[in-house]
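Okay, here's what each chain looks like letter by letter:
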Amino acid sequence: MIKAKNVSYKYSNQEGKDYFALKNINIEIKEGEFVAILGHNGSGKSTFAKHLNALLLPLEGTVYIDGMDTREEKYLWNIRQTAGMVFQNPDNQIVATIVEEDVAFGPENLGLEPNIIRKRVDEALLTVDMFEYRKHSPHLLSGGQKQRVAIAGILAMKPRCIILDEPTAMLDPSGRKEVIETIIKLNKEENITIVLITHFMDEAVNADRIYIMEEGHVVMEGTPKEIFSKVDEIKKLGLDVPQVTELAHMLIDEGIDLPKDVLTVDEMVVELCRLK
Amino acid sequence: MLKDITIGQYIPGDTPIHNLDPRIKIIITFAFIAALFFINKFFGYLFVVAFMIMAVGLSKIPVRYIFKGLKPLLVIILLTVALNIFMTEGEVIYTIWKLRITKEGLIQAAFMALRLIFLITGASLLTLTTSPISLTDGIEKLLNPLRSIGVPAHELAMMMTIALRFIPTLLEETDKIMKAQMARGADFETGNIISRARAMVPLLVPLFISAFRRADELALAMEARCYRGGENRTRMKQLSIEFRDYMALIITIVFFLAILWSRYFVK
Ligand SMILES: Nc1ncnc2c1ncn2[C@@H]1O[C@H](COP(=O)(O)OP(=O)(O)O)[C@@H](O)[C@H]1O
Ligand SMILES: [Mg+2]
């Protein structure tokens, strides 16, 4: 679905100095996969995300979306429709003043028939559970609701893949939960490929696979269990592991017999009960 | 305090006024405003009052919302009234210091104030009952014939949509910044005009920076959603002229004729 081969990208700042934000990135994501990308601020995650939507084009290397090279102009709109993108700030990606009008924005740009747009908008709003708010004004919604509207706006374009760049960074815990549940649902029920960029380790636990970025490089890759069992390495990168994993790690240090890859509270409960 | 601005604030509803075609509503509003300038005696305002009562009544918009629209423009209304009272020549009925109040001035002031009040309330009724999107749709469609002479109809409509979309967001942000600065001792409320204006500068700087950042991000988000200008773009909601639109037009024409009658034929 997504294939990045030896991708490099540099920004030039005002003084004309170049700064490589991506260095030789190789990432491959299969159809229907749920992939999380972690890394602290400035590690190049957003820069990479923008490559998946042809908002940025690689300086070196190639990005293929569903086999289409992002540098080929003729694929541009096809790529943007196939790989939809949700940004961090819900306020700055909602265009219209009515929820359903905003969801219609994408399909309208695709030049679809009015009745088809109507159908897609209703379906998308039902999927993210915002149908009853379709006539509302976005600025009166909560952060989590706005972000779900933004997701619906992408869904209405029928993408096969959605890239979410820290969609929960500006939300409160309940808003975060709403959005993550929506994302998981899209992945499981609609079989949409998900690329979730996040700061929250508890969100990454839901992924099939995790990439960790550091200074423009991919430094680690693996399933959540593989990644988070390396607590010390993760900490060295300045990242956290899920709280439960950290607790398990501390208990292991105290000599308690637990597996290293406990990720959720439920798993922890099972393991602790087994000790008895 | 910033919450009082109702211009561009839409109150959703399912009334005959809400459901009128936006093009028709815009045309009617312009006809209404034009009619206001034809009125030359108080009698003419009777028709205006009747027209407004009918429109507001049908729209089911609470009257206080209609009047809220006047608040930010109160200064202009008062200024007009004052200018008219003091500057009109005629029979002097009272003198304060060097200013003379004349009978004609009072009448003229009341007349102008009414005109302004109806103008503003009429325009507010349009924005209160028309979602900004259909309003801009209407403007776009009305301007479309002018494309050939270089009027960027779609771009103008898009700009207005975005401006309307971000007004509440930016107002909220202004409120937030003001509160944050007031908490640190900034004073927006006392002092003369100059010191108050100076207090606004530290408010505007962060506001502008944030507005530019928002614009940047929004442009990116729009591009990501395949936006490429007005060409080949379709709309979910098609505009269509219905029976009620013809009815509204006929009523407006009758209203306009009544105003003309009051101007030219009523002594
Ligand atoms: N438009 C830009 N111009 C110059 N440098 C940029 C620009 N955008 C990002 N950068 C730099 O590129 C690096 C990676 O940024 P970004 O991809 O936003 O990281 P992340 O999303 O992981 O926080 C940072 O060091 C940042 O300062
Ligand atoms: Mg980022």
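No experiment lies behind these values; they were computed from the predicted model shown. (Residues numbered from 1 in each chain as written. Chains lettered and ligands numbered in written order. Predicted model: local features only at pLDDT ≥ 70, side-chain atom pairs only at ≥ 80, totals over all residues. Heavy atoms only, no water.)

### Comments concerning unusual backbone geometry
Residues and elements named next belong to chain A. Within the chain, Asp66 stands out as a residue other than glycine whose phi angle is a positive 50°. Position of Asp66 relative to the elements: it lies in the loop between strand 4 (60-65) and strand 5 (68-69). With phi around 50°, Glu215 is a residue other than glycine that occupies positive phi space. Position of Glu215 among the secondary structure elements: in the loop between strand 9 (209-214) and strand 10 (217-222). (Helix = DSSP H or I, 4+ residues; strand = E, 2+ residues; numbered from the N terminus.)

### Description of the packing of aromatic side chains
All chains considered together, the criterion is met by 14 aromatic pairs over all chains. Look at Tyr45 of chain B and Phe118 of chain B: their rings are 5.7 Å apart centre to centre, the planes differ by 25°, and that puts the pair in the stacked class. On the criterion of sequence distance, the pair formed by Tyr45 of chain B in helix 3 (residues 42-59) and Phe118 of chain B in helix 6 (residues 103-129) is long-range, its members being 73 residues apart. Each member of the pair, Tyr45 of chain B together with Phe118 of chain B, is buried. With 6.5 Å between their ring centres and 35° between their planes, Phe208 of chain B and Phe212 of chain B make a pair best called tilted. Remark: Phe212 of chain B and Phe208 of chain B occur in helix 9 (residues 193-224); sequence separation between them is 4 residues, near one turn of the helix. One aromatic cluster is present, formed by Phe42, Tyr45, Phe111 and Phe118 of chain B through successive ring pairs. Directly above the ring of Phe131 of chain A sits Arg134 of chain A, whose terminal nitrogen or CZ lies 4.1 Å from the centroid. (Phe/Tyr/Trp six-rings, centres within 6.5 Å; stacked < 30°, edge-to-face > 60°. Buried < 20%, exposed > 50% of the residue type's maximum accessible area, 1.4 Å probe, protein only. Lys NZ or Arg CZ within 6 Å of the ring centre and 35° of its normal.)

### Notes on the pattern of salt bridges
Applying the stated criterion across every chain, the model contains 30 salt bridges over all chains. Between Lys237 of chain B and Glu100 of chain A there is a salt bridge whose closest N-O contact spans 2.9 Å. Placement of the pair is Lys237 of chain B in the loop between helix 9 and helix 10 (243-264) and Glu100 of chain A in helix 3 (residues 99-109), with the two residues belonging to separate chains. Residue Arg209 of chain A pairs with Glu221 of chain A through a salt bridge whose shortest N-O separation is 2.8 Å. With a gap of 12 residues between them, Arg209 of chain A in strand 9 and Glu221 of chain A in strand 10 connect regions that are remote in the sequence. On the basis of relative accessibility, which here comes to 13%, the residue Arg209 of chain A falls in the buried class. A network of salt bridges, in which partner residues are shared, links Glu100, Glu101, Arg118, Asp122 and Lys135 of chain A together with Lys237 of chain B. (Salt bridge = Lys/Arg side-chain N within 4 Å of Asp/Glu carboxyl O.)

### A short note on the side chain of Thr82 of chain A
Residues and elements named next belong to chain A. Considering the arrangement of structural elements, one finds Thr82 in helix 2 (residues 76-82). Look at Thr82 and you get buried, because its relative accessible area is 8%. A polar contact is formed between the side chain of Thr82 and the backbone oxygen of Asn78, at a distance of 2.6 Å. Contact partners of Thr82, with chain neighbours within four places excluded, come to Met1, Ile65, Asp66, Met68, Pro159, Arg160 and Cys161. (Polar contact = N/O pair within 3.5 Å; in protein donor to acceptor, adjacent residues only side chain to side chain. Contact = heavy atoms within 4.5 Å.)

### Brief notes about helix 5 (residues 74-87) of chain B
The first and last C-alpha atoms of helix 5 of chain B sit 20 Å apart over 14 residues, in line with the 20 Å expected at 1.5 Å per residue. On its buried face, helix 5 of chain B sits against strand 2 (99-102) and helix 6 of chain B. (Expected span 1.5 Å × (residues − 1).)

### Some thoughts on the site of ligand 1
Residues and elements named next belong to chain A. The local shell around ligand 1 consists of Tyr11, Tyr19, Ala21, His40, Asn41, Gly42, Ser43, Gly44, Lys45, Ser46 and Thr47. Contact between ligand 1 and Ser43: an oxygen atom at 3.2 Å from a main-chain N or O atom of the residue. Protein contacts shield 62% of the accessible area of ligand 1, which totals 560 Å² for the unbound molecule. At the level of secondary structure, the elements contributing two or more residues to the shell around ligand 1 comprise strand 2 (18-29) and helix 1 (45-51). Partitioned by chemical class, the residues of the shell around ligand 1 number 3 nonpolar, 7 polar and 1 charged. (Near = heavy atom within 4 Å. Areas by Shrake-Rupley, 256 points an atom, 1.4 Å probe, with all protein chains shown as cover. Nonpolar A, V, L, I, M, F, W, Y, C, P; charged D, E, K, R; others polar.)

### Focus: the nonpolar core
Residue and element names in this part refer to chain A. Within the largest apolar cluster, 49 residues are counted, with the highest numbers of intra-cluster contacts made by Ile151, Ile162, Ile183, Ile194, Ile212 and Phe228. With 6 residues, helix 5 (residues 143-155) is the largest single contributor of residues to this core. Other than its neighbours up to four places away in sequence, Ile194 contacts Glu33, Phe34, Val35, Ile162, Leu164, Ile183, Leu186 and Asn187. Counting residues in each nonpolar core, the second largest holds 33 residues, with Tyr9, Ile25, Met68 and Met85 among its members. (Core = buried A, V, L, I, M, F, W, Y, C linked by side-chain atoms within 4.5 Å.)

### Examining the sheet that holds strand 1 (residues 2-12) of chain A
Spatial strand order, 2-1-4-5 (chain A): 4 strands in an open sheet with antiparallel pairing. Both outer strands of the open sheet, strand 2 and strand 5 of chain A, are each paired with one neighbouring strand and no more. (Pairing = 2+ DSSP bridges.)

### Comments concerning the packing of helix 3 of chain A against helix 5 of chain A
Residue and element names in this part refer to chain A. Across the interface, helix 3 lies against helix 5 with an axial gap of 7 Å and an inter-helix angle of 35°. In this structure, helix 3 meets helix 5 at a crossing whose hand is right-handed. Note on element contacts: helix 5 touches helix 3 through Val149, Ala152 and Gly153, opposite Val99, Asp102 and Val103. Of the residues assigned to the contact of helix 3 with helix 5, the class counts are 4 nonpolar, 1 polar and 1 charged. (Axes fitted to C-alpha atoms, helices over the stretch in contact; angles between N-to-C directions. Left-handed = near helix turned anticlockwise from the far one by under 90°.)

### Quick look at the interface of chain B and chain A
With 33 residues of chain B in contact, the opposing surface of chain A contributes 39 residues. Across the chain B/chain A interface, buried area totals approximately 3300 Å², and carbon plus sulfur atoms make up 57% of it. Considering only the side of chain B, the residues that lose the most area to chain A are Arg165, Arg225 and Met236 of chain B, jointly responsible for 28% of the buried surface there. The interface formed by chain B and chain A contains 7 salt bridges. Remark: the boundary between chain B and chain A carries 18 residue pairs in polar contact (both at pLDDT 80 or more). Those elements giving two or more residues to the side of chain B that touches chain A turn out to be helix 7 (132-143), helix 8 (153-183) and helix 9 of chain B. Its residues placed into classes, the side of chain B that touches chain A shows 16 nonpolar, 6 polar and 11 charged. (Buried area = accessible area lost by both parts, 1.4 Å probe.)

These figures come from the coordinates and say nothing about function on their own.
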